[in-house]
Amino acid sequence: MTSGPQPPTSTIEVPLLAVRGLTKRYGGRVGCLDVGFDLWPGEVLGVVGESGSGKTSVLQCLAGLLQATAGTAAFAQRDGAVVDILRLPEAARRRLARTDWAMVQQNPRDGLRMGVTAGANVGEPIMAVGARHYGRIRREALGWLRQVEIPEERVDDLPSTFSGGMQQRLQIARALVTRPRLVFMDEPTGGLDVSVQARLLDLLRRLVTDLGLSAVIVTHDLAVARLLAHRLLVMQGGEVIESGLTDRVLDDPQHPYTQLLVSSVLHP
Amino acid sequence: MSEYNFAYLDEQTKRMIRRALLKAVAIPGYQVRFGSREMPLSYGWGTGGVQVTAAIIGPDDILKVIDQGADDTTNAVSIRKFFARTTGVRTTTRTERATLIQTRHRIPETPLRDGQIMVFQVPIPEPLRWLEPRESETRKMHALEEYGIMHVRLYEDITLHGRVATAYDYPVRVNGRYIMRPSPIPKFDNPKLDRSPALMLFGAGREKRIYAVPPWTPVKSLDFKDHPFTIERWAQACALCASRESFLDEVIVDDKGGRIFVCSDTDYCGRRQERAR
């Protein structure tokens, strides 16, 4: 497969994010169990599996939306210091969440403020880190709308007047405006029809390459994983059952469940 | 009025409110929770302010009560009578004579002095509420100084109206730390909060919150560098006292569209008219 993304070349010797033994229990039930991986700068990691396999639990624990039961996640900050984001005090974690990483939700309504204009949605993250010049905030917002292919004249419209695909692109602009080093995406193409999905995937691929983003993308859609991810984790019942380079996992699956998953994809 | 305790509230309640007030003064702009009581007036009419006044008023105080700057409107008259009956303290309409001023919607034009106390009636104390309905989350945002969304509000104003259109209850930052709603005073009065020699106390009865700006505390109105904070200006002077410095109300005087502008602060305006005569 030559159409897949090329693995990045990097000289940095520390992974951006090193996860070990990540476990989340909901009472007696298991969300995810002993999940571990390294994410290198500029790398896109796909997490695939069926509904209930623990993909979203992993993502939400890492993004600080859920409290992990056990495990560590060592994150290399801009200054080179490595911190365990699962043990970080809430104030420090929320500060990192504003500056160093971003979250793209499956439903744009969860990631956007629906009551304020598109420009304010994109401008809010930079106002949150101290931007206090209206003209510059607006220029920055317009620049990002261009990047995600939203017409500039929509900058003063409410997101509720946008189509689903536009809302998702607006959410991506809002996530990237602070130039995060790590992006968490939960089914970014989830609720979209296929042609809109294709356009969004093209956009994401371009942004990931142009900006050198590192990302963890949770998806149940193997085509999305194939297009965006350098490496894959396959999850079932809360555990990682197989991992490796995307093309290897999808073209030569080893675990019976992965084989089943790959063979379940319809080819029209 | 021997049937009631001095200033209506029982002593235990007053002590509880005073403890909240002390905490509020110690942390300027921070909203302190308190056990708000039922008062003999309805919510929205100043139950928070009345409780704060009742907790701090003493027999030697001289009380002034204003509503929209006026001493003679229903709310002001009722509250002033209430305290006159339940405490027997002297009341006044003269700003400089008062030791304690309860207010709704205005800060007097006459500069306040050291030793005076202003009590504000607050409908909604939480400045972050407009974008964040969860109390648990707004508390966290205050604790961590996550105030980005306050500027989102100003951004929206400029985007939709070409300028910051918020004209009253204009958010301020107190002592470089907490964002605070100054109660529904016009933004014209915001500069009077900054480094005021008087103690400013804010009471929200329904929402059960008390907060304070101690004397000489810096209070800054939020703005953008390229859209600095400004206050209202009028093309005309007060039709009664010719003041060009005070906050003016527009008053319709006949059924032919005739209108005049007059000071909203009746004490200030009346004194100026007396002096002119």
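Look up: the structure comes first, before these words.
These remarks concern the structure in this document. (Residues numbered from 1 in each chain as written. Chains lettered and ligands numbered in written order. Predicted model: local features only at pLDDT ≥ 70, side-chain atom pairs only at ≥ 80, totals over all residues. Heavy atoms only, no water.)

Okay, the overall build of chain A next. A tally of regular secondary structure across chain A gives ten helices and ten strands. Against the 2.2 N^0.38 benchmark of 18 Å for 268 residues, chain A shows a C-alpha radius of gyration of 18 Å, consistent with a compact globule. The burial tally for chain A puts 53% of its 268 residues in the buried class. A fraction of 66% describes how many contacts in chain A between residues 6 or more apart in sequence connect residues 24 or more apart. Approximately 11,800 Å² of chain A is accessible, and the part contributed by carbon and sulfur atoms is 52%. Across chain A, 29 positive and 28 negative side-chain charges occur, with their mean positions spaced 7 Å apart. (Helix = DSSP H or I, 4+ residues; strand = E, 2+ residues; numbered from the N terminus. Rg over C-alpha atoms; globule rule 2.2 N^0.38 Å. Buried < 20%, exposed > 50% of the residue type's maximum accessible area, 1.4 Å probe, protein only. Contact = heavy atoms within 4.5 Å. Areas by Shrake-Rupley, 256 points an atom, 1.4 Å probe, with all protein chains shown as cover. Lys, Arg positive; Asp, Glu negative; His and termini not counted. Charge placed at Lys NZ, Arg CZ, Asp CG, Glu CD.)

Residue and element names in this part refer to chain A. The tally for this structure, following the rule as stated, stands at one cavity of 30 Å³ or more. Forming the walls of the largest cavity are Cys-61, Leu-66, Gln-67, Ala-68, Ile-85, Leu-86 and Arg-93. Split into classes, the residues belonging to the lining of the largest cavity amount to five nonpolar, one polar and one charged. (1 Å grid on protein atoms, 1.4 Å probe; cavity = no way out; pocket = protein on both sides within 12 Å on 5 of 7 lines; lining within 4 Å. Points joined across faces, edges and corners; volume = space filled by probe spheres on them. Nonpolar A, V, L, I, M, F, W, Y, C, P; charged D, E, K, R; others polar.)

Before going further, it helps to examine the pairing of strand β6 (residues 101-104) of chain A. Residue and element names in this part refer to chain A. Covered by surrounding structure in β6 are Trp-101 and Met-103 together with Ala-102 and Val-104, the residues of both alternating faces. As judged from the four bridges shared by β6 and strand β7 (residues 182-186), these two strands associate in the parallel manner. The residue of β7 that forms the bridge with Met-103 is Phe-184. (Pairing = 2+ DSSP bridges.)

Here the focus is the sheet that holds strand β9 (residues 209-213) of chain B. Sheets are built from strands that pair by backbone hydrogen bonding, the pairs being arranged parallel or antiparallel. Residues and elements named next belong to chain B. The seven strands lie next to each other as β1-β9-β8-β5-β4-β2-β3, forming an open sheet whose pairing is mixed. Each edge of the open sheet is held by one strand with a lone partner, namely β1 (32-33) and β3 (90-91). Pairing of strand β2 (residues 62-67) with β3, which is carried by two bridges, proceeds in the parallel orientation. Paired with Ile-62 across the bridge in β3 is Arg-90.

This part takes up helix α5 (residues 148-161) of chain B. Between its terminal C-alpha atoms α5(B) stretches 20 Å, which fits the 20 Å expected from 14 residues at 1.5 Å a residue. Most of α5(B) sits out of view: twelve of its 14 residues are buried. Buried residues of α5(B): B:Gly148, B:Ile149, B:Met150, B:His151, B:Val152, B:Arg153, B:Leu154, B:Tyr155, B:Glu156, B:Asp157, B:Ile158 and B:Thr159, and no others. The inward-facing, buried residues of α5(B) contact α4 (118-128) and α5 (134-147) of chain A together with α4 (135-143) and β7 (178-180) of chain B. One or two steps after α5(B), the chain reaches B:Gly162, where phi turns positive at roughly 80°. (Expected span 1.5 Å × (residues − 1).)

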